[in-house]
Every structure is written in structure tokens, then in C-alpha cells.
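# Understanding the architecture of this molecule
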Amino acid sequence: MLDDLSFKPHGKHLIAGEWIAGETTFQNEPASGPANEFSVGTPDLVNRACEAAEEAFWSYGYSSRADRAKFLRAIADEIEARADLITEIGSRESGLPEARLQGERGRTVGQLRLFADHIEQGDYLDRRHDGALPDREPLPRPDLRMMQRPIGPVAVFGASNFPLAFSTAGGDTAAALAAGCPVVVKGHSAHPGTGEIISEAIHAAIKSCDIHPGVFSNIQGGKRDVGQAVVQHPLIKAVGFTGSLGGGRALFDLCAQRPEPIPFFGELGSVNPMFLLPEAMSARGAAIGTGWSGSLTMGAGQFCTNPGIAVVIDGPDADAFVAAAKEGLAGTGEQTMLTDGIAKAYRDGRDRVAGSTGVREVLTSTCDMRTATPYLYETNGATWLANEDLGEEVFGPLGLVVRVKDAEEMATVARSLVGQLTCTLQMDAGDAEMARRLLPILERKAGRVLANGFPTGVEVADSMVHGGPYPASTNFGATSVGTLSIRRFLRPVCYQNIPGDVLPPDLA
């Protein structure tokens, strides 16, 4: 444990092992405590970081799995050595409670160690071998070996709502480093101090493992020209992003417009609808409503898997569900949101829903400045189907109940959905036939389908999928959570008749 328990950021960028101050600065906007000055990123710094990342790739991209696993574990150890400082600055900047930051730190180091174990096993390489058939008629077959190889430097944009698990050393960075790809991070201006101390941890791990310093750079702040410079730099081969639909779509388009288009792995927006089936509603509708209210308000609703929509067949069971949800939400007080901008966007989303024709107010409250309070609305299936705006994400503790006439209209609502991160079935044994009817629809709409739970917990595991059809993400074949996320930064290479003593060690 480090001795000084009062972290004072120095406000510099980390570019290939050097702490560099900028000519201009910006201030963070902490939820509590004094603001700090941070250097503003520039396209020139982006270029320096990308060139260093390319240079590092020639050693790091061809390093052994054991060496990369050691590096990932060293980063985890260095983060834990700064545990109290990370919690302190993270809580000041984001307003998140200490317990949430501690849990997120545990998730961050846990996925680093999981990825280290995973690459040591080697299964992710998907190695294949078709032996030579020299006597085959009419033509012989050559010796063919295939393996996944790292693609090169990767750019990562820090997320506003997860200053640790989806930011500087979060899932995208961990996956890219595990694959063998150097990383250039564009830090989020909402938590630059947190990004700085995590960068210090990575920097320490680089030195202890004797790795090329260009393997990681962190660029703070900067305007749109910095983000544009990152995604359009010719040495960047892929981008990882977690954020808004508008910002993500703009970066996605820039990646596609490059002379060499590159993949943009963006996790954007989702309303994560729940479908409440009749038997479950009859048996425990009120309990589901109470559970939903807790999930809606967890972390001030600032989770990409926040279940903002509940679809239920109209009737007394729906009434009981709504009454329980209202009671649970009414007992939730003000919560601090991550940034002033997120708080304003939440209020704008509330006004959009509240002002929609055919939407009825169930629970209203008052929130201003950087605080959030819950809201609950309801509408019917016909209104939902006629108004696409109701399917847009409201990032915060706001719920919308969609009352449908029957099972047929529930299925029609399901088919109307755009891509989602998650869809949920609340069901009992007697609902199995209806669930079997809905499941083929929902699996086309979401990357994760769950039963009898709430989607706000995303397990870091081999089987997890955190992604989905657009607009939930920009690549429906990828996940940003779990070991499969490493595959985003790899590409298959076939080696034909390459002698064994020339092949990469993982294939020889």
C-alpha cells in the first residue's frame, strides 16, 4: 500500500513512458472536493503515441503468451497497490460511492488476471492444421496451418460511467494487450485523475516487466480534433469505444471513411426491455416490480444494461406490478450523476418521454443540477408501436411500462425492437410455451437473453456477451466483456508450407 492517501494529480499525459505537460489545460468537474488542472491533448501528441505504439508492436506483438500474461498480472498488482488512492480520486471525480469504486476495481483487476489465464491456455488462438496430401488426385494439397494473430495498435476511448472497468485499464485495453496489441487511450474528461493514477500503475508494470514503453499511452482531454486524430491515424488498426449513440456513430463513420477502413467496436445504447409473462406476473408481479425499481435506480441508472422498459399484459397483475415499482422508486432519494452533461441529458430524456402523446405519468419527481431522481411512465402497445422515440435510451433512473393487450401484441412489440444489449424474460414454468415463442425473436434483438433476473450485472466470464445488433453495438459479432472480447483485436493468418523452424512458436 502506498503511504500518501491524498492523491494530487500532476495533470500530464503519459506518452510512451514519458509524462508530458501540454501548452493548455482544462479543469475536471469533480462531484466533491477541489477541481484539478490537466493538460489538453493535441493531434501532435496522438501522432507521437501512435508512432510509439507501432514501434512497440514489433516486439510486443511477437512476445510470448507467458510474457503478456505476466504483464497483465503486473498491471493488476500495481492497481491494487494504489487501491485507496484510486477509490479516493474516483469517488471525488465521479460521485460514485466508495463501495461501487471498490467493486469496480475488483472487476478491473479480475478481468486482467482472467485474460492472463486465458491466453496462457492458448485456446483463443483457434489453431488449425490440415496436413499435406502430396498424393491427392487430381491435385496435391499443401500443408496448411492457421492461427489468430494481433492486428497492431488499438485506440481505446474511456467511458464516462465506468472510470475503471471500461476506461484506462478496462476491458478494451485488457483485451487488446492480451491479444498482443499496444494501446493508445483517449481518456475521458470526466475522470482524468482516475485515468492518471491507473496510467501510473500501467507505467510501473511496463518498467517491471521490461516492455517497450510505446505499448501504452494515455492522452487526456482534448476536443473533437483529438478523437478524430486517434481514429483516423493510419497506424491505428481498431478502435474500442463505450459511450453515447451520437458520439459513437460519428467515430464509426470516421473509421469507415479512412483510406484504410478499420473496425470500430462501439458499445452505444440500449433500453434492455423486460417481458413479463402471465404466470410469473400472477405469482409474483409485485415482487418483480420491487426488484425492477432497485435495478432501475442502481448507480443512478447509469448502467448500459439498465432495464428501462417493462412489457406486460394489461390487467390486475399489471396494476400490482406498477404499484410495487412506483412504491420502490418513490423511496429512492436524490443520487449524484457522473457529470453535469449526463444529468442534463437525463432531464432532456425525461421531457421527451413525458411529452409524448399517449404516455401517462405514474411517478414524477424533481431533479436539477447534477442530481437524478426516478420517474415512471406507462403507455400501451399501440402507442409504443407508433412512436419510435419511446425506444430511445434515457440514461438514468427512468422506467416506462408498456401495457399490451395480449401475447400476440407482446410478440409484436418484441419484433419492433432495435438492437439491444439485453432482453429479459420474467417467467414461471407455466410460461414456457410463450417464452419459446418469444425467444427466437429476442435472440435476434440482443446479445444476451436472461430469465428471472435483472441485467444490470455483467459477469466477466468466458460465456458472456456484452454487445448486440445496432444500435446496441456497431459489431454484432463481438463482445466487449469476457474472454471472447480478445478476438476483436486478432485476425486469422494461414501459413502454407512454412517450415517448422520458421513458423511462429505457437504453431511450430
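### As for the sheet that holds strand S6 (residues 144-150)
Read across the sheet, three strands follow the order S5-S6-S21 without closing on themselves; strand pairing throughout is antiparallel. If you trace the sheet from one side to the other, it starts and ends with strand S5 (128-130) and strand S21 (490-496), each paired once. The average undirected angle you get between the axes of adjacent strands in this sheet is 25°.

### Points about the confidence of the model for the protein
For the protein, the mean per-residue pLDDT works out to 95, and 99% of the residues sit at or above 70. A low-confidence stretch, residues 1-5 stays under pLDDT 50, and its non-local contacts, those more than four residues away or across chains, total nine contacts.

### Notes on the pairing of strand S10 (residues 238-242)
Counting buried positions along S10 yields five of five residues, so the element is predominantly enclosed. Alternating positions in S10 separate into two faces, Ala238, Gly240 and Thr242 on one and Val239 and Phe241 on the other, with burial throughout. Sheet topology note: the strand S7 (residues 154-157)/S10 ladder contains three bridges and is parallel. When the bridges of S10 are listed, Val156 appears paired with Gly240. Pairing geometry for S10 and strand S11 (residues 264-267), over four bridges, is parallel. Bridge pairing in S11 links Gly240 to Phe265.

### Focus on unusual backbone geometry
Here the bond from Glu137 into Pro138 is cis, since omega is 5°, no more than 30 degrees from zero. With respect to the element layout, Pro138 can be found in the loop between S5 and S6. Residue Pro471 follows Tyr470 across a cis peptide bond; omega there is 10°. Although it is not a glycine, Asp126 sits at a positive phi angle of roughly 50°.

### Quick notes on the environment of Val458
Along the polypeptide, Val458 turns up in the loop between strand S20 (446-451) and S21. Residues Val458 and Gly482, 24 residues apart in the sequence, show an inter-C-alpha distance of 9.2 Å. What Val458 contacts, discounting residues up to four positions off in sequence, is Arg107, Thr305, Arg448, Met464, His466 and Val481.

### Quick look at the state of the cysteines
On inspection of all chains with the given rule, the structure shows zero disulfides. Not engaged in a disulfide, the cysteine Cys304 finds its nearest cysteine sulfur in Cys423; these two sulfurs lie 14 Å apart. Residue classification places Cys304 among the buried positions, given a relative accessible area of 9%.

### Focus on the sheet that holds S20
In a beta sheet, neighbouring strands are held together by backbone hydrogen bonds and run either parallel or antiparallel to one another. Strand order in this open sheet of seven strands is S15-S17-S18-S13-S12-S19-S20, and the pairing throughout is mixed. The open sheet is flanked by strand S15 (360-363) and S20, the only strands paired with a single partner. On average, adjacent strands in this sheet sit at an angle of 20° to one another, irrespective of strand direction. Across five bridges, the pairing between strand S19 (residues 420-426) and S20 is parallel. When the bridges of S20 are listed, Cys423 appears paired with Val449. Most of the contacts of helix H9 (residues 278-297) go to strand S18 (residues 398-404), to which it runs at about 160°, and overall it touches strand S12 (274-276), strand S13 (309-313), strand S17 (375-380), S18 and S19. With respect to the sheet, helix H13 (residues 407-416) is in contact with S12, S13 and S18, its orientation differing from that of S13 by roughly 160°.

### So, the nonpolar core
If you look at the biggest cluster of nonpolar residues, it comprises 95 residues, and the most contacted ones within it are Phe71, Phe275 and Phe489. With seven residues, the top contributor of residues to this core is helix H2 (residues 65-81). Membership of the second largest hydrophobic core comes to 24 residues, among which are Ala229, Val231, Leu251 and Leu268.

### So, the packing of H2 against helix H4 (residues 98-121)
Packing of H2 against H4 leaves a shortest axis separation of 8 Å and a crossing angle of 170°. Taken together, the axes of H2 and H4 are roughly antiparallel relative to one another. Between H2 and H4 the crossing geometry is left-handed. Side by side, H2 and H4 meet where Arg65, Arg68, Ala69, Leu72, Arg73, Ile75, Ala76, Asp77, Ile79 and Glu80 of the first sit next to Arg105, Thr108, Val109, Leu112, Arg113, Phe115, Ala116, Asp117, Ile119, Glu120 and Gln121 of the second. Across the contact of H2 with H4, the residue classes break down as 10 nonpolar, two polar and nine charged.

Criteria and cut-off values
- Residues numbered from 1 in each chain as written.
- Predicted model: local features only at pLDDT ≥ 70, side-chain atom pairs only at ≥ 80, totals over all residues.
- Heavy atoms only, no water.
- Pairing = 2+ DSSP bridges.
- Helix = DSSP H or I, 4+ residues; strand = E, 2+ residues; numbered from the N terminus.
- Axes fitted to C-alpha atoms, helices over the stretch in contact; angles between N-to-C directions.
- pLDDT = per-residue confidence, 0-100.
- Contact = heavy atoms within 4.5 Å.
- Buried < 20%, exposed > 50% of the residue type's maximum accessible area, 1.4 Å probe, protein only.
- Disulfide = S-S within 2.5 Å.
- Core = buried A, V, L, I, M, F, W, Y, C linked by side-chain atoms within 4.5 Å.
- Parallel < 35°, antiparallel > 145°, perpendicular 65-115°, else oblique.
- Left-handed = near helix turned anticlockwise from the far one by under 90°.
- Nonpolar A, V, L, I, M, F, W, Y, C, P; charged D, E, K, R; others polar.

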